[in-house]
Number of protein chains: 2
Amino acid sequence: MNIIKSPEEMQCEALELKRAGKSIGFVPTMGFLHEGHLSLMRLARERCDVLVVSIFVNPTQFGPNEDLDAYPRDFERDEALCAEVGVDLVFYPKPEDMYAADASVWIDEESLSGVLCGESRPRHFRGVCTVVAKLFNLVLPDLAVFGEKDAQQLRIIERMVRDLNFPVKIVRGPIVREEDGLAMSSRNKYLTEEQRKNALGLKKSLVQVCELVGQGERNVSNLRSAMTQLIDDIPEAVIDYIEFVDDQSLHPVDSIEFRTLVALAVKVGSTRLIDNIVVSV
Amino acid sequence: MNIIKSPEEMQCEALELKRAGKSIGFVPTMGFLHEGHLSLMRLARERCDVLVVSIFVNPTQFGPNEDLDAYPRDFERDEALCAEVGVDLVFYPKPEDMYAADASVWIDEESLSGVLCGESRPRHFRGVCTVVAKLFNLVLPDLAVFGEKDAQQLRIIERMVRDLNFPVKIVRGPIVREEDGLAMSSRNKYLTEEQRKNALGLKKSLVQVCELVGQGERNVSNLRSAMTQLIDDIPEAVIDYIEFVDDQSLHPVDSIEFRTLVALAVKVGSTRLIDNIVVSV
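Every value quoted in this text rests on a predicted model; they were computed, and no experiment measured them.

Caption draft 1: Spatial organisation of helix α6 (residues 124-139) of chain A. The terminal C-alpha atoms of α6 of chain A lie 22 Å apart, and with 16 residues this matches the ideal 22 Å at 1.5 Å per residue to within 8%. Taking burial as the measure, the 16 residues of α6 of chain A include 15 buried ones, the bulk of the element.

Here's what the structure looks like:
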């Protein structure tokens, strides 16, 4: 397994692989890998000749009061996990090599980005779009895998690929959960044992929505009340949002329609967790 | 010479050319080709295996009161000129095939774009950056040639390539002038015979700056006065800007330094003309 730190070297290597006729699969990550990431890598592994994983805690997608410095990192462990999954190349750049001091070009998505996480993290998706475009141009993948846990990010990346015509196929990777149902996240590490147990309520509230919809409930305000009640009962939990939106446009809906994305963000203690499910009728 | 209208087909063709190991040279244009464009094509022609020219009057770089509908078009003539220069492939898409009705992803350059043309054309460079990124992703060029006549655009594209890591080498093509010195432009067609003659004053004012600098003048406010005086004498001429800026940062300078870009935009009648020169001491 090859480890490349220099963006220029990464691009040279990618160009050479393309010239040799190899297909490139790509999984961008911020490291501190868990089974969720590994499942994305396995999805890419079976669909390409060369599998590239990037490990880069991207500073431009963190807000000024967010957890950039505290974000967990463990490169050696990540490296071993990548090797196990059969990654061919790990791209592990430094922030100062990715962003010039006078960097001035940014990519904005202006329709899907204002709601859900975009509301409390105003510049987040600008940072995500910009770094993903940069990574696409450095890694030159034929396909890239993004997880459904970051539902809004996934849809924004798909929109960027469409609107900027990137020659990259986006593959959606299903949410991977702990045995008890908690969606895997690098941020779960922040939780105390008690919080970890309580955080299960997030998944439970989504399951409850499915059950209610299965019983015929379509009214979003009733469904939201049921979720809110369940989550409000969790100690230390503060709801950032519980939203019911059209799966494509991310516009809020009043009643469950063809495909509705139910997404939530909840702070448990100081840890912000997200989860989601798509319900269809 | 192949003519492709569909963006999807263009990208497929480009991917196939790359797989076959061909290098692709690219000249993006808005058509109504003149010797200026042809000189860019010849520069690309000698540096690549396959030469692609796009002809696309990009709606998103025109402001609401600008000349989008009136912009001159003559595809058959353009086609013949491309064939003469040895273009292999003309990409000639329709606006509705380039932009989805719900397009929502845009590229902004935020340091070089606010001055010069960006001041009177606030969304212009957002449109330029976005369409050039799209064209790069569809044509997949190894190198692309941009003219020095659009000095600010050239520098913004270079910045975009750097900041978003596009695997594209940008080649600068020198300004091509009519025999009497007027910088070639598709918009020259709008000028009456009288305006055409008078428009020569733009070039003369730039030559004058060079002469004055050659004589030792360094003070920008003196140099600007001399230019303004000369252009104010042109009938029907209204100055949009005359700027002296650092060639790299486009920040205004007070005295002529290492490399200073002298750029002007002047309306002659209703036709907006631009010209520029780099002076160095």
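Caption draft 2: Fine view of the interface of chain A and chain B. Taken together, the contact between chain A and chain B spans 31 residues of the former and 31 residues of the latter. Sorting the residues of the side of chain A that touches chain B by element identifies α1 (7-19), β5 (105-109), α6 and α7 (151-164) of chain A as the ones contributing at least two each. In the side of chain A that touches chain B, the residues fall into 15 nonpolar, six polar and ten charged.

Caption draft 3: Broad picture of the domain arrangement of chain A. Residue and element names in this part refer to chain A. Domain parsing of chain A yields domain 1 (2-173) and domain 2 (186-276). Placing the centre of domain 1 and that of domain 2 at their C-alpha centroids yields a distance of 26 Å. Taken together, the contact between domain 1 and domain 2 spans 14 residues of the former and twelve residues of the latter. Those elements that provide at least two residues to the side of domain 1 that touches domain 2 are α5 (117-120) and α7. Residue composition of the side of domain 1 that touches domain 2, grouped by class: eight nonpolar, three polar and three charged.

Caption draft 4: Representation of the pairing of strand β2 (residues 24-29) of chain A. Residues and elements named next belong to chain A. Burial analysis of β2 places six of its six residues in the buried class, which makes it a mostly covered element. Neither face of β2 is open: one carries I24, F26 and P28, the other G25, V27 and T29, and all of them are buried. Direction of pairing for β2 relative to strand β3 (residues 50-55): parallel, over a ladder of six bridges. Bridge pairing in β3 places G25 opposite L51. Crossover handedness for the path β2 to helix α2 (residues 35-45) to β3: right-handed. Sheet topology places β2 next to strand β6 (residues 143-147); two bridges connect them, and they run parallel. Bridge assignment links F26 to a residue of β6, and that residue is A144.

Reading the values: rules and limits
- Residues numbered from 1 in each chain as written.
- Chains lettered and ligands numbered in written order.
- Predicted model: local features only at pLDDT ≥ 70, side-chain atom pairs only at ≥ 80, totals over all residues.
- Helix = DSSP H or I, 4+ residues; strand = E, 2+ residues; numbered from the N terminus.
- Expected span 1.5 Å × (residues − 1).
- Buried ≥ 20, exposed ≤ 12 C-beta atoms within 10 Å, placed from the backbone.
- Contact = placed C-beta atoms within 7 Å.
- Nonpolar A, V, L, I, M, F, W, Y, C, P; charged D, E, K, R; others polar.
- Domains from an automatic or database assignment.
- Pairing = 2+ DSSP bridges.
- Right-handed = clockwise from strand over helix to strand, strands pointing away.

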